[in-house]
Amino acid sequence: KLVPDARNGEAYDFTHLFADARRYYEAADYTTACLETTFNGPPYSGYPQFCAPDALAYGLKTVGFNLLSTASNHSMDTWYGGLVRTLDVLDAAGLEHVGTYRTQQERDTVKIIDVGGIKLAMLAYTFSTNGLPVDSEHPYSVSVYTTDYMTDCSVVDYDLIQSDLDKAGQSGADAIAVYVHWGNEYHTEPSEQQEQLADYLFAHGATLVLGGHAHVPQPMELRTLPDGRTGYLCYCLGNLISNQFDPYTNLTAAVTLTLTRSGETGQVTVSGAEYAPMFMLHASDSNEGRYRLLDIRKSMQDFEQGDTSVVNRSVYDRMQQGRSDLHRIFGTDEVLSLAA
């Protein structure tokens, strides 16, 4: 989302928003997120059809991101032309992408990334495009997983998903990661469709299922896969950068996953998973008058040691409650372990 204080003269700089979080991104071998806007040039726009300055793409690259899922209900916000320009901007910024496509060939080519020597096949889907039809001349342009995406978004296209999983499994990748835009907005519990689709993905080859869309945190877990390996699921991490005020919309996390490949079998398993709780601070609540994504643990510690340059007592109390809420919703105390 475009935030008012990001403008600097005639330029935009979004990097300060990530001052607390970027150390997690930069420390990783590979960092990904979901993008819920387009880059179609000025005039810029907010809800309901988003268009942000190109500087956001360059800022995301600067703070350590490597790949963005572009499959969301906002993929078509500036139509096919905006979709294409968005991918062009991401390419120019040095960011990889998955989920929307300029050509059928792009759609048919499995995206494979290198994560510390492990090859991950990346898939991405969205349940909807907010009532904006995918261009009939370019039906491949958005990876939509429902056949009734213009109405109820209730019929999952398992044939499409299975075809993609099969291609990914035959691509030479070591494991498959799937971004999914799904669920009910502002619900902290997953829907039945989310649960069923997650089960299907794991049963048919996925190792990582990375969910989004609800704008609030939803549960995450380590999952024992059919072949005994460990996978990871998050139904939704919540918002990252936003200007929303609904309950829980200011809560999210930076999740660090450790992947290990067996020297004997070549199979990849999730050998570690932990998260750093984050709090989206609005300019109106900040002692410095700026939006910022705060590392809850670090910001609370700074306040306790007398640093009130950013956080005041009211925000401290809300972060304390937010951390408790994240523990309750994510179902863990920041370091994940397999359920008994």
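Residues numbered from 1 in each chain as written. Predicted model: local features only at pLDDT ≥ 70, side-chain atom pairs only at ≥ 80, totals over all residues. Heavy atoms only, no water.

1. Some remarks on unusual backbone geometry
Then comes step 1: Note the cis peptide between P42 and P43, where omega equals 0°.
Then comes step 2: In this fold, P43 is placed in the loop between β3 (32–34) and α2 (55–62).
Then comes step 3: Although it is not a glycine, N130 adopts a positive phi angle of roughly 55°.
Then comes step 4: On the secondary structure map, N130 appears in the loop between β7 (118–126) and α5 (158–169).
Then comes step 5: Phi at H213 takes a positive value of approximately 120°, unusual for a residue other than glycine.
Then comes step 6: Examined against the element boundaries, H213 turns out to sit in the loop between β9 (208–212) and β10 (220–224). (Helix = DSSP H or I, 4+ residues; strand = E, 2+ residues; numbered from the N terminus.)

2. Focus on the packing of helix α7 (residues 296–304) against helix α8 (residues 313–330)
Then comes step 1: Direction vectors running N to C along α7 and α8 enclose 145°, while the axes themselves pass 10 Å from each other. Crossing hand, α7 versus α8: left-handed. For the pair formed by α7 and α8, the contact residues are I296, R297, S299, M300, F303 and E304 on the first element and R313, Y316, M319, Q320, R323 and L326 on the second. (Axes fitted to C-alpha atoms, helices over the stretch in contact; angles between N-to-C directions. Left-handed = near helix turned anticlockwise from the far one by under 90°. Contact = heavy atoms within 4.5 Å.)

3. Digging into the pattern of salt bridges
Then comes step 1: In this structure the tally under the stated criterion is 20 salt bridges.
Then comes step 2: When the shortest N-O distance is used, the salt bridge between R107 and D164 registers 2.9 Å. Taken together, the residues R107 in helix α4 (residues 104–108) and D164 in helix α5 connect sequence positions 57 residues apart. Here R107 and D164 have matching classes, each one buried.
Then comes step 3: A salt bridge links R318 to D285; the shortest N-O distance between them is 3.1 Å. On the criterion of sequence distance, the pair formed by R318 in helix α8 and D285 in the loop between β13 (268–281) and β14 (292–295) is long-range, its members being 33 residues apart. (Salt bridge = Lys/Arg side-chain N within 4 Å of Asp/Glu carboxyl O. Buried < 20%, exposed > 50% of the residue type's maximum accessible area, 1.4 Å probe, protein only.)

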